[in-house]
Amino acid sequence: MKKDSRARIGVYVCHCGGNISEVVDVEEVVGFAGKQPGVILSKNHTHMCSDIGQQLIIDDIEEHDLDKVVVAACSPQFQGETFMRVLETAGLSPYVVQMANIREQCAWPHFDTPELATKKAKELVNAAIAKVRFSEPLEKKTMPIGKRVLVIGGGIAGIQASLDLGDAGFEIYLVEKEPSIGGHMAQLSRTFPTEDCSACILSPKMADVQSNPNINLLTYSEVENVEGYLGNFKVKVTKKPRYVDMDKCVACGDCEEVCPVDIPDEFEEGLTTHTAIYTPFGFAVPHRNLIDPEACINLQRDINSCGNCIEVCKEDAINFNDKPEEIEFTVDTIIVATGYDIFNPSEKKVYGYDKFKNVITALEMERMIVKAAEGNPIRDPGKRIGFIQCVGSRDEQVGREYCSRVCCMYATKLASLLKHSKPERDIYVFYTDLRAFGKGFEEYYKRAQNMGVKFIRGRVAEVMEDSGSNKVILKAEDTLTRQIIEAEFDTVVLSVGMGLSKSTDKIAEMLRLAKSEDGFLKEAHPKFKPVDTNREGIFLAGTVQGPKDIPDTVAQASAAASRAVRLMNQREYPIEPIVAFVHEEQCDGCELCIDSCPLNAISISAEVAEVNEALCRGCGSCVASCPRDALDLHMYTNKQLLEEIKNALEGKEEGETRILVVADDTCTYRLADSVGTAKLSYTTDSIIIRVPSGSRITPKLMLAAFKLGADGIFIGECEDRTSPFPHSGQVIRENITKVREILKEEGIKPERLRFVQFVTIMLKGFVDNVNGLVNYAREAGAISPEKREKLVENVNKRLFGEEYD
Amino acid sequence: MKVSYYPGCTLKTKARNFETSALAVAEKLGIELIELSRWNCCGTVFSLTDDDLIHHVAPIRNLIRVQEMNKNGLVENDHRLVTLCSMCYNTLKRANIRVKEKPDDLKKINDFMYLEEDYKGNVEVIHFLELIKDIGFEKIKENVTNPFKGLKIAPYYGCMLLRPKEVGIDDPEEPVIQEELIFALGAEVIDNPYKKVCCGSYQTIRDKQVVSNLAYDILTHAQNAGAEAISLSCPLCAFNLDSRQKEIKEKHSDFTRIPVFYFTQLMAIGFGLNEDYYGFDLNYVNPEPLLKEKNLIGRNNAK
Amino acid sequence: MIKKLKLSDKNVDFLKKIEELSGEVITRCDQCGICSASCPMVSEMDITPSQLMRMVQLGESEVMESKAMWLCASCFTCTVRCPRGLDLSKVAEALRQVELRQAIDHIDVKKLSKDEMKRLPQIALISGMRKFTG
Ligand SMILES: Cc1cc2nc3c(=O)[nH]c(=O)nc-3n(C[C@H](O)[C@H](O)[C@H](O)COP(=O)(O)OP(=O)(O)OC[C@H]3O[C@@H](n4cnc5c(N)ncnc54)[C@H](O)[C@@H]3O)c2cc1C
Ligand code: SF4
Ligand code: SF4
């Protein structure tokens, strides 16, 4: 028996109350384990997870001076943390325990072949022993985290998130690019389905933002740069010059009386004008004047061209020398709430928005209704009004396939309001599908029908104008009666959809946030992490993540706030031990690794690579990029994986076939567990190697595995869209291509190396794939030892080129 | 500049006036349209069923001729093929796109025409209007000696210049290329939504009433918007909108006939070219009275 | 009289055939009616273009008896507007081809009057023959 002086390993084999012992011969496994190098003792127990089982380990560690432990029992997904705690209690590093999954991945799926199952259990234990032998006694690491939050965007999403966090005692920087907060909600008339007045419910919240001592409100400001990571984001913000001193201005409006310039009022969607010196709107926060530098004569020409405002301002607030101001601060978490832009209807030329005066957007109609209610009607929309639904939504012709989710209801709302103010109005809504899914929406829709609003199921094909009367002619099919409608309307309202706001692009790029196919920012998981992003400590709130109404926006904003609190309230947060590290003595600073990390966690300092542990998420895809094997991953080191693979294959006998199933922790490993739980059987000629991501298995490890006796390798990974490492699929494909090339060169069938992306419900797919590869390998026949040996010759040269020989 | 040019059947017969005026106008602009040698009918319509490759053989053979033109030095390393007829343009261009997108189809078609050299997929089918746009409307303006002052012209596009999108020479819903040309010629542009409505196309041989109903809508909409003449680029549209005015008049006695021009005829007039190039004998509605009234012909100003 | 629609395997086969010939995924049609309201020929048709799509979706081979597909002028107006990116003109062509490939012509050029024959340009004759004869 070989002796290993470095490790004193204890092995514990669990019966799992019969779950394991009814199939696997536990005694035999215990006996086998006891003979392995470094194993000091080998025991069994009916329930290792029970208090008694746990105490057994603690006592043995003390008594026998164990420094590594293997527990052969259920899945580590299930009891992994229990045994880590046990080791901590016993005063060891929690990271020197290894579980051999002999329940989900042995006893259960191989219940019908007990002898083979026992053999496989020994292989699994043997592999675990090898892996634990080279495990590092890492310490639990933590990072400090404070209570500062950057909220970008001051629409209702940003407002809600800031108030929640401010009230909870966190320190908020709320950055809004416009001169006032409020976003789109400030422009709306009333809100469906309750018809509360939008300004009335929003303005108190805006005022709260201003008075909340924990919120630093930075309006008319833009985020220029963000660097760093959770707990340490360094932020640079530029405040644009307002040319009016906010501390002095009382917004009396005297200046507006004398300003000679009129420009379209953006808040009013260009339906009215304001002067070059203006307040954003009646209930703006902050409610102070400012000067539009593009419009002001003084700022455009020379400083003495006008100056009317200076003369009348009693507070001496006007300052034409105002300059942009740079502000820098550090925050711990970030919430992105930069909202949406409405679809630009000029892109949909058939609807004639640019050509016809009486074709307007729904947002313009919102303002017309508000203005009319305030007693300053802009113009009467007339008697017959038509709404065109899905403008810039659900339309491949403009490249937007998604539903904007709010337009059906806001059209219903606008129609109801118009009908309510003048019941004689004749209102039609042209739709394809009427989506009234929310709470109270169906009832609201019915109410509109009760009021006499007519809903026509047909999408408008074309809009024309009667040049004499300026009436608008719509063409559509009433698909329910198959009649073509060609009728005149006084006003046609385009129910424009939502798209990601253009101003978000810069932010997304700066923060390296991912986008989903619809162009909105992508959440980390569509079900369970709907407000997290691919970056730790950065969250999404509101329409920046996808079209939604105000209730959903507010809910999401509060969710984002609570997710941020979850991190910040810990004061320090544990960092996963699975991070990349550098064997400095092997690194020559060649920089090949820099681009391999999608999170930019690797940099070069003093001519050696350095990993930023706060940024690294531990996928391990960088490891393959280093020709000198200087990069490595804690918990899954090259040495550990190599030894694990070696021992896993040690039990293979003459004439037998063995494949390795490299299973990513998030999807494939869990999938294999589910297959076991469902007692779906598959061949015992396979053995699972657990990795954080399939991209951790480097081409060198793959080749080594073939050399050590593998007849096939099967890599399972999450689908890109559900993976915590969306880039990994690509990396794996690249790695595989290289290895297949070498296999081919040595006359080994490249199909022995396979890759499948799984979702965790593909139980049968897993079984078929594993059986499929084993059958394939069996039929392809044994690989000769000479061929195996040749695979690892000149491997650096073959993978990286001449200069790395 | 020498460019290969594809006339198509109708331009040699019923639409000779389109060709004559176009060749003259091109020459004035310094473009030599070199007729494709050994061209054959393009098939007039692009075959829309997925499995029907045989009908793409004819258009592709014409594209092979462009390769030959280059080889024989008739044009100098210029793989553009200029068309005038909108239908030929559409059929050739779409067939070209199909074989470029589906190399398997190209291979089959090449194999089928084993006596020809292979089509390599490097020809670019363009419409004469695109060539004009490339040259620039400024250049057009410079050549105008006989500006259409006060004449109100409605451009008509029909289908084949605009649709489907991948073939269209302009925005399918808001085209402007003819507008810019007519404006450059000094005429007043009359816009109306019917400019992109189909004239009924080949339905004209099956049911002339259906087609003349459509033509009536298209023409009266233009007239109501103030048009005194129509400009277009397709011999089939020309037939349906011009010649079918006979049927329109039979049904609607109050209908006023309106002259229909090929855009190249308008250019020839505007450039003050010899009246022999106008070819009004082939127009159904004689445009001469209108042109005389506007003092655009008969002033002996032809050069 | 209201017809009863039976859904049998024949219906599925008919849909499949038309999908294959046209190369379009007809079940994607949303029945929004944009095609119908865009069609220059719709006022002459017995069923609207969207109805034609519906009948093919459900595999109603009675659609073959309709006039609509013969009235389609391949103007591609629906093609550039369909929000589902479908090309209805291809579906109409597929339906025509089902009949034309059985050598059932939909026009008899010999019946055209002498005067018509003299007036018609080649382009009209050739394209018409391409669309209406097998
Ligand atoms: C016509 C219409 C009617 C509607 N009616 C209703 C209704 O009745 N009921 C309902 O529930 N919903 C309605 N909605 C939907 C509603 O508008 C949204 O749900 C809500 O406004 C979304 O808020 P938000 O904060 O996510 O986005 P936004 O309101 O767009 O706010 C985003 C904010 O971020 C700021 N910003 C953007 N980029 C940056 C940047 N780079 N830096 C700093 N700041 C930035 C913007 O200036 C803006 O203030 C309607 C929508 C429309 C179009
Ligand atoms: S919410 Fe209604 S109108 Fe808006 S995109 Fe969806 S279906 Fe169309
Ligand atoms: S336009 Fe497209 S989706 Fe709409 S009914 Fe016609 S074919 Fe169907």
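For clarity, every value in this text was computed on a predicted model and none was experimentally measured.

Colleague: Honestly, the site of ligand 3 in this entry has me stumped. Any pointers?
Modeller: Residues and elements named next belong to chain C. The full set of residues close to ligand 3 is Cys 29, Asp 30, Gln 31, Cys 32, Gly 33, Ile 34, Cys 35, Ser 50, Met 53, Cys 82, Pro 83 and Leu 88. At the level of elements, helix 2 (34-38) and helix 3 (49-57) are the ones that each hand at least two residues to the shell around ligand 3. In the shell around ligand 3, the residues fall into eight nonpolar, three polar and one charged.

Colleague: Whenever I open this one, the sheet that holds strand 7 (residues 229-232) of chain B confuses me. Can you help?
Modeller: Backbone hydrogen bonds are what pair the strands of a sheet, in a parallel or an antiparallel way. Residues and elements named next belong to chain B. Reading across the sheet, the four strands line up as 6-5-7-8 and stay open at both edges, with parallel pairing between neighbours. Both outer strands of the open sheet, strand 6 (188-189) and strand 8 (260-262), are each paired with one neighbouring strand and no more. With three bridges connecting them, strand 7 and strand 8 associate as parallel partners. The residue of strand 8 that forms the bridge with Leu 232 is Tyr 262.

Colleague: Where do I start with the packing of helix 17 (residues 668-677) of chain A against helix 20 (residues 763-780) of chain A in this structure?
Modeller: Each pair of packed helices gets described by two things: the angle between the helix axes and the distance between those axes. Residue and element names in this part refer to chain A. The geometry of helix 17 relative to helix 20 is characterised by a closest axis approach of 9 Å and an angle of 95° between their N-to-C directions. When the axis of helix 17 is compared with that of helix 20, the two are roughly perpendicular. On helix 20, the residues touching Thr 668, Leu 671, Ala 672, Ser 674 and Val 675 of helix 17 are Leu 763, Phe 766 and Val 767. In terms of residue class, the contact of helix 17 with helix 20 is built from six nonpolar, two polar and no charged.

Colleague: How should I be thinking about the packing of aromatic side chains in this particular structure?
Modeller: Any two aromatic rings considered together are summarised by their centre-to-centre distance and by the angle between their planes. This model, assessed by the stated rule, comprises 22 aromatic pairs over all chains. Pairing Phe 18 of chain B with Phe 263 of chain B gives two aromatic rings, centres 6.0 Å apart and planes at 80°, and the pair type is edge-to-face. Note that Phe 18 of chain B is positioned in helix 1 (residues 16-28) and Phe 263 of chain B in helix 11 (residues 263-270), a separation of 245 residues in sequence. Relative accessible area serves as the criterion here: at 0%, Phe 18 of chain B is assigned to the buried category. Exposure remark for Phe 263 of chain B: the relative accessible area of 1% places this residue in the buried category. Taken together, Tyr 682, Phe 714, Phe 758 and Phe 766 of chain A form an aromatic cluster joined through their ring pairs. Directly above the ring of Phe 134 of chain A sits Lys 639 of chain A, whose terminal nitrogen or CZ lies 5.0 Å from the centroid. A cation over an aromatic ring shows up here: Arg 94 of chain B above the ring of Phe 76 of chain C, its NZ or CZ 4.9 Å from the ring centre.

Cut-offs and rules
- Residue numbers here run from 1 along each chain, matching the order of that chain's written sequence.
- Just so you know, chain letters begin at A and ligand numbers begin at 1, following the order they were written in.
- With pLDDT at 70 or above as the cut-off, local features in this predicted model cover only qualifying residues; side-chain atom pairs require 80 or more to be listed or tallied, and sums for whole chains, interfaces and linings still use all residues.
- To obtain the side-chain values, all non-hydrogen atoms of the structure were included, while hydrogens and water were left out.
- Throughout, the term near means that a residue has one or more heavy atoms lying within 4 Å of the molecule or strand in question.
- By definition, any uninterrupted DSSP run of H or I lasting at least four residues is a helix, any uninterrupted run of E lasting at least two residues is a strand, and each is numbered from the N terminus.
- Classification convention: Asp, Glu, Lys, Arg as charged; Ala, Val, Leu, Ile, Met, Phe, Trp, Tyr, Cys, Pro as nonpolar; all other residues, Gly among them, as polar.
- When DSSP finds two or more bridges between two strands, those strands count as paired.
- All axes are obtained by fitting lines to C-alpha atoms, using only the stretch in contact for helices, and the reported angles, taken between N-to-C directions, cover 0 to 180 degrees.
- Roughly parallel means an angle under 35 degrees; roughly antiparallel means over 145; roughly perpendicular covers 65 to 115; every other angle is labelled oblique.
- Residue contacts are counted whenever heavy atoms from the two residues lie within 4.5 Å of one another.
- Here a Phe, Tyr or Trp ring, Trp counted by its six-membered ring, pairs with any other such ring whose centre lies within 6.5 Å, and the pair is stacked when the planes are under 30 degrees apart, edge-to-face when over 60, and tilted otherwise.
- Residue exposure (1.4 Å probe, protein chains only): buried if accessible area is under 20% of the type maximum, exposed if over 50%, otherwise partly exposed.
- As a reminder, the over-ring test applies to NZ of lysine and CZ of arginine, requiring each to be within 6 Å of the ring centre and within 35 degrees of the ring normal.

Worth remembering: the numbers are spatial, not functional.
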